[in-house]
Amino acid sequence: MANDPDVVSVRYVEVDVTYFEKRKLRRYAGVWSLWALGVGAVISGHYSGWNLGLSIGGWGGMLIATLLIMVMYLGLTYSIAEMSPALPHTGGAYSFARTALGPWGGFLTGLAENVEYVLTPAVIVFFISSYMTGIFETPTAMQPLWWIAFYVLFLGLNIVGVELSFRVTLIVTLAALAVLVVFWISALPHIDFSRWALNIGADGSELPEGGGPFLPYGITGALAAMPFAVWLFLAIEQLPLAAEESHDPKRDMPKGILAGIFTLIVSAFMILWLNPSVAGVGSFHLGTSGEPLLDGFRAIFGSDIAKILALVAVIGLIASFHTIIFAEGRQIYSLSRAGYFPRALSVTHGTRKTPHVAMITGSIVALIVMMCVWYGVGQERGGAIIGGTLLNMAVFGAMFSYVMQALAFIYLRRRLPDIERPFRSPLGVPGAWLTVIIALVTVFFQLSDPVYRVGVLGVAAWFVIGILYFHFYARNRMVLSPEEKFAMSHRTRA
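Residues numbered from 1 in each chain as written. Predicted model: local features only at pLDDT ≥ 70, side-chain atom pairs only at ≥ 80, totals over all residues. Heavy atoms only, no water.

Participant: Looking at this structure, how should I read the packing of aromatic side chains?
Facilitator: The description of an aromatic ring pair rests on the distance of the ring centres and on the angle between the ring planes. Under the definition given, this model contains 27 aromatic pairs. Seen in terms of ring centroids, Phe183 and Phe297 are 5.4 Å apart; in terms of plane orientation they differ by 75 degrees. Their pairing is edge-to-face. Linking Phe183 in helix H7 (residues 162-187) with Phe297 in helix H13 (residues 292-301), this pair joins segments that are 114 residues apart in sequence. For Phe183, a relative accessible area of 0% puts it in the buried group. Joined through ring pairs, the aromatic side chains of Phe136, Trp146, Phe150, Tyr151, Phe154 and Phe321 make up one cluster. For Arg23, the ring lying beneath its charged end belongs to Tyr19, and the centroid distance is 3.7 Å. The side chain of Arg195 reaches across the aromatic face of Trp196, ending 3.8 Å from its centre. (Phe/Tyr/Trp six-rings, centres within 6.5 Å; stacked < 30°, edge-to-face > 60°. Helix = DSSP H or I, 4+ residues; strand = E, 2+ residues; numbered from the N terminus. Buried < 20%, exposed > 50% of the residue type's maximum accessible area, 1.4 Å probe, protein only. Lys NZ or Arg CZ within 6 Å of the ring centre and 35° of its normal.)

In structure tokens form, the structure reads like this:
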């Protein structure tokens, strides 16, 4: 065994030559594959979720919230666009924090992302299944069968090979974006912004003639809407997890990340402008809708083709489901390969070279959580918990990881200024501090919601289990994976 020169409580064991042979990945991704991976992971948030902020902040409040969250994500994405080619390892956020903040900092960051990437697909598949139940008129009690069917299908596509996985990612992402573009073009002749987007009064009532205040709930309402604006960009940060499957991560990773975030910015503001402005929809109704894009399509094309429109709306959910399963597998794989999680989880497929054990395990955990909730408290309440509490847990995990990644960026800039940086963030340290500040403000307003606080308790339980496992077992059986080797050598220099 060898001691970590920086944190002596962590010890490494020697592994034989076959250890990393059994844990190989295959390089395939280029710039556009990475772009599709990032955009596809987020795109379902443009179909639904963001709109709930309209009921808290009104249209003007949602606009301000979106602008603030956009600044946070620009600071984050420019930071990871610098760090990912400098530390081109599958670990992503864990890798950045491990180098900057030590093993415990890296593990806690990885644990937070693990909450996000395990639970987000569960929430998405729940919404997909809700759509499918309506389209095919199957009993609500059969929803778990839809969950299992979609997990099996998209796990299979991800396990077959990285080539197929990225091709499917590109196809479903382009299809999901095409649906949005069709909506934008179709909506333009049917909008009346003042009449419909501004139809919330200062007292929260619906104004039949529109023309309401820009900020019906004041600036406080705008800040309270920030957690919902997160859905317009959530999961773009998963791109560095594909670093070891990229042909040239030092060149392609920054391009893919930045192309992705700017695509999402355009889409976010188009949907925010047009969806509430469509005649017959409006901000008041949209603020409580579970299917805002579908509501817009119905208002434009009528309800006679509702099932076809519902199938169209599912495309965005499928794009995010498929891509986040990819991220889930790589995230668990990287923590397992280094020994933070059980090492057996990082074994890759013998011929396909995909982290099939990690993806299957993460998916089984998600399904077990869903089944326990669904059958433990009943279908109606269980659906509310899956679509609400589990969703809040994923968002809290993401916010925690954003703060840690931004702090890692700041540390690396100050303490390791000489490491090779193929790309440098023009926003620099100020951009990273903005990410920290806005993320903390977002968490504050999330915690003001009693429903959300239940999700935080769930994350706390997740952390307790992970920390106990690491402290009493894993920390004495670590492995010098690429992330760990890089971190140890450079922190010694620092």
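Participant: Looking at this structure, I do not really get the nonpolar core. What am I missing?
Facilitator: A general feature of soluble globular proteins is that nonpolar side chains tend to end up buried together. In terms of nonpolar packing, the biggest core is built from 164 residues, with Tyr73, Phe183 and Phe233 touching the most fellow members. When residues of this core are assigned to their parent elements, the largest contribution, 19 residues, is made by helix H5 (residues 93-136). The contacts of Tyr73, once residues within four sequence positions are left out, are Val230, Phe233, Leu234, Ile236, Glu237, Ile261, Met399 and Tyr402. (Core = buried A, V, L, I, M, F, W, Y, C linked by side-chain atoms within 4.5 Å. Contact = heavy atoms within 4.5 Å.)

Participant: Help me out: how do you make sense of the packing of helix H6 (residues 143-160) against helix H15 (residues 356-377) in this one?
Facilitator: Any two packed helices are characterised by how steeply their axes cross, that is the angle between the axes, and by the distance between the axes. Packing of H6 against H15 brings their axes to within 11 Å, and their N-to-C directions diverge by 170 degrees. It follows that H6 is roughly antiparallel to H15 by the angle criterion. Within the contact between the two elements, H6 uses Gln143, Pro144, Trp147, Ile148, Tyr151, Leu155, Asn158 and Ile159 and H15 uses His356, Met359, Ile360, Ser363, Ala366, Leu367, Met370, Met371, Trp374 and Tyr375. (Axes fitted to C-alpha atoms, helices over the stretch in contact; angles between N-to-C directions. Parallel < 35°, antiparallel > 145°, perpendicular 65-115°, else oblique.)

Participant: So what exactly am I meant to see when it comes to the environment of Phe445 here?
Facilitator: Tracing the backbone shows Phe445 in helix H17 (residues 428-447). Overall, Phe445 belongs to the buried group, its relative accessible area being 16%. Distance from Phe445 to Thr220, taken between C-alpha atoms, is 9.7 Å for residues 225 residues apart in sequence. Leave out the neighbours within four places in its chain, and Phe445 touches Thr220, Leu223, Ala224 and Pro227.

Participant: Help me understand a nonpolar patch on the surface in this model?
Facilitator: A cluster of nonpolar residues, Met142, Leu145, Ile148 and Val152, forms a patch on the protein surface that exposes about 350 Å² of accessible area. By the element assignment, Ile148 lies in helix H6. A relative accessible area of 35% means that Ile148 is categorised as partly exposed. (Patch = residues over 30% accessible without salt bridge, like charges linked within 9 Å, V, L, I, M, F, W, Y side chains within 5 Å. Areas by Shrake-Rupley, 256 points an atom, 1.4 Å probe, with all protein chains shown as cover. Salt bridge = Lys/Arg side-chain N within 4 Å of Asp/Glu carboxyl O.)

Participant: Looking at this model, I keep getting lost on the environment of Gly256. Mind explaining?
Facilitator: Within the secondary structure layout, Gly256 lies in helix H11 (residues 249-274). The buried category is assigned to Gly256, whose relative accessible area is 0%. Spatially, the C-alpha atom of Gly256 lies 9.6 Å from that of Val39, the residues being 217 residues apart in sequence. The residues contacting Gly256, other than those within four sequence positions of it, are Val31, Leu34, Trp35 and Leu239.

Participant: Explain unusual backbone geometry to me, please; I cannot follow it from the model alone.
Facilitator: Residues apart from glycine generally show negative phi values, whereas peptide bonds are mostly found in trans. We note that Glu137 has phi near 55 degrees; this positive angle belongs to a residue other than glycine. Position of Glu137 among the secondary structure elements: in the loop between H5 and H6. One non-glycine residue, Lys353, lies in positive phi territory at about 60 degrees. Note that Lys353 resides in the loop between helix H14 (306-337) and H15.

Participant: Mind showing me how you'd approach the side chain of Ser33 here?
Facilitator: Its location among the elements puts Ser33 in helix H2 (residues 31-42). Those residues in contact with Ser33 that lie beyond four places of it in its chain are Tyr28 and Phe166.

Participant: Would you take a moment to explain the layout of surface pockets for this structure?
Facilitator: The gaps left among the atoms become clear once a water-sized probe is rolled over them. The space that makes up the largest pocket amounts to roughly 800 Å³. Of all elements in the fold, only helix H3 (44-47), H5, helix H10 (226-229), helix H16 (379-415), H17 and helix H18 (450-472) reach the threshold of two or more residues within the lining of the largest pocket. What the second largest pocket holds in volume is close to 490 Å³. Contributing to the lining of the second largest pocket are 20 residues, with Asn114, Phe341, Val365, Trp462 and Ile465 lying nearest its centre. Broken down by secondary-structure element, the contributors of at least two residues to the lining of the second largest pocket are H5, H15, H16 and H18. Ranked by residue count, the leading element in the lining of the second largest pocket is H18, at six residues. Of the residues assigned to the lining of the second largest pocket, the class counts are 15 nonpolar, five polar and no charged. (1 Å grid on protein atoms, 1.4 Å probe; cavity = no way out; pocket = protein on both sides within 12 Å on 5 of 7 lines; lining within 4 Å. Points joined across faces, edges and corners; volume = space filled by probe spheres on them. Nonpolar A, V, L, I, M, F, W, Y, C, P; charged D, E, K, R; others polar.)

Participant: How should the pattern of salt bridges be read in this particular structure?
Facilitator: A side chain with one charge may pair with a side chain of the opposite charge, provided their charged atoms come close. Following the criterion strictly, the structure yields 14 salt bridges and no others. Glu82 is the salt-bridge partner of Arg413, the closest N and O atoms lying 2.8 Å from each other. Remark: Glu82 occurs in helix H4 (residues 54-86) and Arg413 occurs in helix H16; sequence separation between them is 331 residues. In this structure, Lys307 engages Glu137 in a salt bridge whose closest nitrogen and oxygen atoms are separated by 2.9 Å. Of this pair, Lys307 sits in helix H14 while Glu137 is found in the loop between H5 and H6, placing the two residues 170 residues apart along the sequence.

Participant: I keep staring at H16 and nothing clicks. Help me out?
Facilitator: Three or four residues apart is the spacing at which side chains of an α-helix point the same way, because the helix has 3.6 residues per turn. Its 37 residues place the ends of H16 52 Å apart at the C-alpha level, agreeing with the 54 Å of an ideal helix rising 1.5 Å per residue. Taking the largest bend as the criterion, H16 deviates by roughly 30 degrees, centred on Ile385. Of all 37 residues making up H16, 29 are buried, and the element is well covered by its neighbours. (Expected span 1.5 Å × (residues − 1). Bend = angle between axes of the 7 residues up to and from the residue.)

Participant: Whenever I open this one, the packing of H5 against H14 confuses me. Can you help?
Facilitator: At a minimum axis separation of 8 Å, H5 and H14 run at an interaxial angle of 155 degrees. Relative to H14, the element H5 is oriented roughly antiparallel. H5 and H14 meet at a crossing whose hand is left-handed. Class assignment of the residues belonging to the contact of H5 with H14 gives a composition of 23 nonpolar, seven polar and three charged. (Left-handed = near helix turned anticlockwise from the far one by under 90°.)

Just distances and angles here, no functional claims.
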